[in-house]
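Spelled out from the first residue to the last, the chains are:
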Amino acid sequence: MTGRVDLLRESLEEPLLVTNGVNVGYLVGFSSSNAALLVEPERLRLFSDFRYAEAARAVEGVEFVETRRSLVAALPEQLEGRIGFEADAVSYASWETLSSGGLELVPRRGLVEALRAVKDDGERDAIRRAGEITSQAYERLAEERFTGRTERDLAWRLDELFHELGARAPAFETIVASGPNGAKPHARPTDRMVEAGETVVIDAGAMVDGYCADCTRTFATGPLPDELESAYTTCLEGQLAGLEAVSAGVTGVDADAAARERIEAAGLGEKFGHGLGHGVGLEVHEAPRLSRESTDTLAAGNVVTVEPGVYLEGVGGIRIEDLVIVTDGEPEVLTSSTKGLVTVS
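The paragraphs below set out a description of the structure included in this document. Just so we're clear, the structure is a prediction, and the values are computed from it rather than from any experiment.

About the cut-offs
Residues numbered from 1 in each chain as written. Predicted model: local features only at pLDDT ≥ 70, side-chain atom pairs only at ≥ 80, totals over all residues. Heavy atoms only, no water. Helix = DSSP H or I, 4+ residues; strand = E, 2+ residues; numbered from the N terminus. Rg over C-alpha atoms; globule rule 2.2 N^0.38 Å. Buried < 20%, exposed > 50% of the residue type's maximum accessible area, 1.4 Å probe, protein only. Contact = heavy atoms within 4.5 Å. Areas by Shrake-Rupley, 256 points an atom, 1.4 Å probe, with all protein chains shown as cover. Lys, Arg positive; Asp, Glu negative; His and termini not counted. Charge placed at Lys NZ, Arg CZ, Asp CG, Glu CD. Axes fitted to C-alpha atoms, helices over the stretch in contact; angles between N-to-C directions. Parallel < 35°, antiparallel > 145°, perpendicular 65-115°, else oblique. Left-handed = near helix turned anticlockwise from the far one by under 90°. Nonpolar A, V, L, I, M, F, W, Y, C, P; charged D, E, K, R; others polar. Core = buried A, V, L, I, M, F, W, Y, C linked by side-chain atoms within 4.5 Å. Phe/Tyr/Trp six-rings, centres within 6.5 Å; stacked < 30°, edge-to-face > 60°. Lys NZ or Arg CZ within 6 Å of the ring centre and 35° of its normal.

## Points about the overall build of the protein chain
Line of reasoning, step 1. Along the protein chain, the regular secondary structure elements total 10 helices and 20 strands.
Line of reasoning, step 2. In summary, the protein chain has a C-alpha radius of gyration of 22 Å against a globular reference of 20 Å for 345 residues, a match within 12%.
Line of reasoning, step 3. Each principal axis of the C-alpha atoms in the protein chain carries an extent, and together these give about 65 × 40 × 35 Å.
Line of reasoning, step 4. Put simply, the protein chain has 345 residues, and 55% of those count as buried.
Line of reasoning, step 5. The long-range share in the protein chain, meaning contacts at least 24 apart out of those at least 6 apart in sequence, stands at 61%.
Line of reasoning, step 6. Carbon and sulfur atoms form 48% of the exposed surface of the protein chain, whose accessible area is close to 15,100 Å².
Line of reasoning, step 7. One way to put it: in the protein chain the 33 positive side-chain charges average out to a point 4 Å from where the 59 negative ones average out.

## What to know about the packing of helix α7 (residues 121–141) against helix α8 (residues 151–164)
Line of reasoning, step 1. Orientation of α7 relative to α8, taken along the N-to-C sense of each, is 130°, at an axis distance of 9 Å. Between α7 and α8, the angle falls in the class oblique. Handedness of the α7/α8 crossing: right-handed. Counting all contacts with α7, which are made through I133, T134, A137, Y138, R140 and L141, the residues of α8 involved are L154, R157, L158, L161, F162 and E164.
Line of reasoning, step 2. Classifying every residue of the contact of α7 with α8 by side-chain character gives eight nonpolar, one polar and three charged.

## Here we look at the nonpolar core
Line of reasoning, step 1. With 37 residues, the main nonpolar core has I133, L141, F146, L158, F162, I202 and L323 as its most contacted residues.
Line of reasoning, step 2. Broken down by secondary-structure element, the contributors of at least two residues to this core are α7, α8, β9 (199–204), β10 (206–208), β11 (211–212), β12 (215–220) and β18 (322–325).
Line of reasoning, step 3. Not counting chain neighbours up to four residues away, the residues in contact with F146 comprise L141, L154, V194, V200, I202, F219, T221, V344 and S345.

## Examining the packing of aromatic side chains
For any pair of aromatic rings, the description rests on two quantities: the centre-to-centre distance and the angle between the ring planes.
Line of reasoning, step 1. Counting across every chain of the model gives four aromatic pairs.
Line of reasoning, step 2. With 6.5 Å between their ring centres and 85° between their planes, F30 and Y52 make a pair best called edge-to-face. Highlighted residues: F30 in the loop between α2 (21–28) and β2 (35–39) and Y52 in the loop between β3 (44–49) and α3 (53–57), separated in sequence by 22 residues. One exposure class covers both F30 and Y52, and it is buried.
Line of reasoning, step 3. Aromatic side chains F146 and F219 sit 5.3 Å apart centroid to centroid with 55° between the ring planes, which places their arrangement in the tilted category. Taken together, the positions of F146 in the loop between α7 and α8 and F219 in strand β12 put the pair 73 residues apart, joining distant regions of the chain. Accessibility classification places F146 together with F219 in one group, the buried group.
Line of reasoning, step 4. One residue, R260, lies across the ring of F272, its end atom 4.0 Å from the ring centre.

Just distances and angles here, no functional claims.
What follows is the structure, encoded as structure tokens:
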């Protein structure tokens, strides 16, 4: 943890007030719903209220300052001068409160997130284990009956499998989208009953030691209409092209284009409306981004998804997603369940 703070200090032009709870946890290992961290050249102060005082005092390498519960209102009493703040984590109301205390506030963006984007050995090991559990859970779920069950039931069952296999929790709300619902990229499970002859898009991931996995597989519940079967083949070709493109030094735009060009060549480009992927770690969506709008360049140690989709409104959807570690060569794929079209009962 100390090494992470030292790396952050190298990028600072003034003390940085860290208020994003995930970033606080990443830097010093402290988990709280009400905390802030001031990173200075020679000091590291952790602020929180009475409820978290005992845990905060046990954090090594920080000076703990107990505040009243209205943490943001209390901070101007503890700080002075020019202070950087996390512009993406501080609301306008909080900015008003901080600035009314006479602080010179400087907006900073992505400083801690840039560190989080490159995973260390321990982080990669945790994500590997999360990927293993996720893959095993998909394989077990594929052995069960889908038809006649609701999307909610299948989502609940996958979450059960994550726990049975050793995950702390699902990394996010499991998506199960059957039939026409599969054409909605971020559908939520409903009471719709899965029917024969359609696709079922399942997007889920296990969490291990606070780190997330993210994987999507699309199943068939019997013979599919020709356009869905063809869309699956196209999506898989695009996904494999995207995987081949992912390497250190490649831009997020170019990785996205490698997959998108295959799907566009099949006449389905308009049916692939989201980016190719995103970073995964302590949060399921973080830097870097793989999309047409990305400003990121991939680096060894990034963990990203590669997940093109084809969405046919009123018919069904296809998405195929792997979680990978970026290297100087071929990516290390962490999700091993088959990507061939699996037909379930």
